[in-house]
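Inside the fold
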Amino acid sequence: MAVALVLVAPLAATAPAAATPVAEGQTTAVTENVDIWNRSPLPLRTTTNGSTTVVAPRTFINVESAATGDLPVNKRTLTVYDRNQTVNMSFESRIGAGTTSLAGEEAQLLAVNLTASPSAEGVGNGSVQMNLERLFRNNSNVTSAELLDDAEGVGTFDEDGELDASYTPESSGAYAFVLVSVDDGPGVSVENESVAVDGNVTVVGVEQALVREDASSVEPTENRLNPGDNVTLDVETDLENESATHAVMLYRKGELQRQSSTVRVTGELNESFSGEQVSVETSWDRVSGVATVENDTIIGNTNVSNLRSIPATGFAGLFGMVLSEATATGNTSGDVIHASATVTSDGPSTNVTVETLDTWPNGAYEYVHVAVSNETGTVYTDSGTVALSQAGGQNGQGPPDNAGGPDGQGPPDDAGGPDDAEADEE
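Residues numbered from 1 in each chain as written. Predicted model: local features only at pLDDT ≥ 70, side-chain atom pairs only at ≥ 80, totals over all residues. Heavy atoms only, no water.

For the chain, the name recorded in an unreviewed UniProt entry is PGF-CTERM sorting domain-containing protein, with Haloarcula salina as its organism.

Re the environment of Val 154
As a reminder of what qualifies: Helix and strand definitions here come from DSSP, where helices need a minimum of 4 consecutive H or I residues and strands a minimum of 2 consecutive E residues; each element is numbered from the N-terminal end. Pairs of residues are marked as contacts when any of their non-hydrogen atoms sit within 4.5 Å.
Within the secondary structure, Val 154 sits in the loop between strand 10 (144-148) and strand 11 (163-167). Along the sequence, Val 154 and Leu 179 sit 25 residues apart, while their C-alpha atoms lie 9.7 Å from each other. Once residues lying within four places of it in the same chain are set aside, the contact partners of Val 154 are Ala 107, Gln 108, Leu 109, Leu 148, Asp 149, Leu 163 and Ala 165.

Comments concerning the sheet that holds strand 8 (residues 87-91)
The line we're drawing: Pairing between two strands requires that DSSP report at least two bridges joining them. To obtain each axis, a line is fitted to C-alpha atoms, and for helices this fit is confined to the stretch in contact; angles are then taken between N-to-C directions over 0 to 180 degrees.
One open sheet accounts for three strands, arranged 3-8-11; its pairing is antiparallel. A single partner strand is all that each edge strand has here, and the edge strands are strand 3 (44-46) and strand 11. The average angle at which neighbouring strand axes cross in this sheet is 25 degrees, direction not considered.

Side note on the packing of aromatic side chains
What counts is decided by this rule: Between 30 and 60 degrees the pair is tilted, below 30 it is stacked and above 60 it is edge-to-face, where a pair is any two Phe, Tyr or Trp rings, Trp via its six-membered ring, whose centres lie within 6.5 Å. Type-normalised accessible area, obtained with a 1.4 Å probe on protein chains alone, sets the label of each residue: buried when under 20%, exposed when over 50%, and partly exposed for intermediate values.
In this structure the tally under the stated criterion is five aromatic pairs. Plain terms: the ring middles of Phe 91 and Phe 157 are 5.4 Å apart, the flat faces sit at 55 degrees to each other, and that makes the pair tilted. In this pair, Phe 91 sits in strand 8 while Phe 157 sits in the loop between strand 10 and strand 11, placing the two residues 66 residues apart along the sequence. Ring centres of Trp 360 and Tyr 365 lie 5.1 Å apart, and the angle between their planes is 10 degrees; this geometry places the pair in the stacked category. Judged on exposure class, the residue Trp 360 and its partner Tyr 365 are both buried. Among the aromatic side chains, those forming a connected cluster through ring pairs are Tyr 167, Tyr 175 and Phe 177.

Describing the sheet that holds strand 18 (residues 260-265)
Strands in a sheet are paired, the pairing made by backbone hydrogen bonds, and the direction either parallel or antiparallel. If you walk across this open sheet you meet the four strands as 6-5-18-19, and the pairing is mixed. Every interior strand has two partners, whereas the edge strands, strand 6 (71-72) and strand 19 (278-282), have only one. Of the pairings in the sheet, the one linking strand 5 (residues 58-63) to strand 18 comprises six bridges and is parallel in character. Its bridge partner being in strand 18, Arg 58 is matched across the sheet by Ser 260.

Let's talk about the confidence of the model for the chain
To keep things clear, this is the line we draw: Values of pLDDT, which run from 0 to 100, indicate the predictor's confidence residue by residue.
Per-residue confidence for the chain gives a mean pLDDT of 78; residues scoring 70 or more make up 76%. Looking at the elements of the chain, mean pLDDT is at its lowest for helix 1 (residues 2-11), recorded as 39, and at its highest for strand 16 (residues 230-236), recorded as 97. Low confidence marks residues 1-17, where pLDDT is under 50. Its contacts with residues over four positions away, or in another chain, come to 59 contacts. Note on residues 392-426: pLDDT is under 50 here. Beyond four places in sequence and across chains, it has 84 contacts.

As for the pairing of strand 28 (residues 379-388)
In terms of burial, strand 28 is largely enclosed, as eight of its ten residues are buried. Bridge count for strand 14 (residues 214-215) against strand 28 is two bridges, and the pairing is parallel. Among the inter-strand pairings, Asp 214 is bridged to a residue of strand 28, identified as Tyr 380. Two strands pair when backbone bridges link them, and strand 27 (residues 363-373) and strand 28 are joined in this way by ten bridges, in the antiparallel orientation. When the bridges of strand 28 are listed, Ala 364 appears paired with Ala 387.

Focus: the side chain of Ser 288
By secondary structure assignment, the location of Ser 288 is in strand 20 (residues 286-288). Apart from residues no more than four positions distant in its own chain, Ser 288 is found in contact with Thr 327, Thr 329, Val 336, Ile 337, His 338, Ala 339, Leu 357, Thr 359 and Trp 360.

So, the environment of Gly 153
Inspection of the secondary structure assignment puts Gly 153 in the loop between strand 10 and strand 11. Remark: the alpha-carbon pair of Gly 153 and Ser 166, spanning 13 residues in sequence, is separated by 8.3 Å.

Description of unusual backbone geometry
A positive phi angle is found at Asn 74, which is not glycine, with a value near 60 degrees. Within the secondary structure, Asn 74 sits in the loop between strand 6 and strand 7 (77-82).

Comments concerning the pairing of strand 12 (residues 173-191)
Here eight bridges tie strand 9 (residues 106-113) to strand 12, and the two strands are oriented antiparallel to one another. Note on strand 12: the bridge partner recorded for Val 112 is Ala 176. The pairing of strand 12 with strand 13 (residues 194-212) spans 16 bridges and is antiparallel. The partner of Val 190 across the bridge, within strand 13, is Val 195.

Structural data, given as structure tokens:
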């Protein structure tokens, strides 16, 4: 989502809107009434702990035409929240995105559920490529939008241009949060879940969150596993008579947090912007694993096997990375992520099998399961750990993660590297 929202505005550029408190040259018009701050993907973050948390690779954005350098996205943890759980958010100055110019300005926050109607953007993904122009032009296909303003405690930015807000989702799904500064007029309104703008606003913050209906029940069917064995998980959800898409990712514990990726944007951000201007550089050489998409699984209109490898700023980015990069190879040289993923459509309860490779190191491996109803978009998730051991150790009782494979020389999984200090950032 961070990448998409940095780049979406130039594709929808129109006549400039009213003057905004953001520095000149750092905004682009989305509609006649709406500007977007080019740094908006950086300062707004959720801060609440959730039911499932995955530490992702550290991610940067570098827009060469703006001479930004490598700006940290400040989103190391991917979090799943529960329906009816209050999600707190903080908008504050970050590296490359100072907020002091917003001091005293009126603020409004939009909460949009993008999976009330299932789509390719809605696989419990947290990487929603939301089209702001469609949202603000009242022809978006989202089916749920709420506005938070004075009555919900979203009033004005404080003397430092910072703001705290909270939202309690009543339905599961992939949510997008859009924070605006009201430049003139009443600003944003929502009627019958249709968004309108009276006056002029500037989008200054965007964030995303995955909310689940409840926990799925996931249990390994085998207690003794070796590297190279299939990991079969018995999955149950409370969906009734609904088909569902099940996605499971299995990855070596602690390995992702030591990695990083950089989204590099070249050329000008204007009406002729092309996806060819975006490239992704990663600190790892490859993903050692197996990507399985059963029965050419389709979500919305997208074949998930074709998901582009984007930085893991959300669950779709993380799943997409493994699905697109996993290679079953015995080559163990270079910097490698050990991970596999399986996506399948089935009933509300099923067995999902994830393949491993015999070259994988001994140790603990985490799994994340996401189920999305194909009819209603209802989301269920769960996570857990299995152990792989050449000696066939029982799950949870295998050798420590620093066993490092057959030679026992690998680094401990909690080494974390210099990024560990930021692993708790949202």
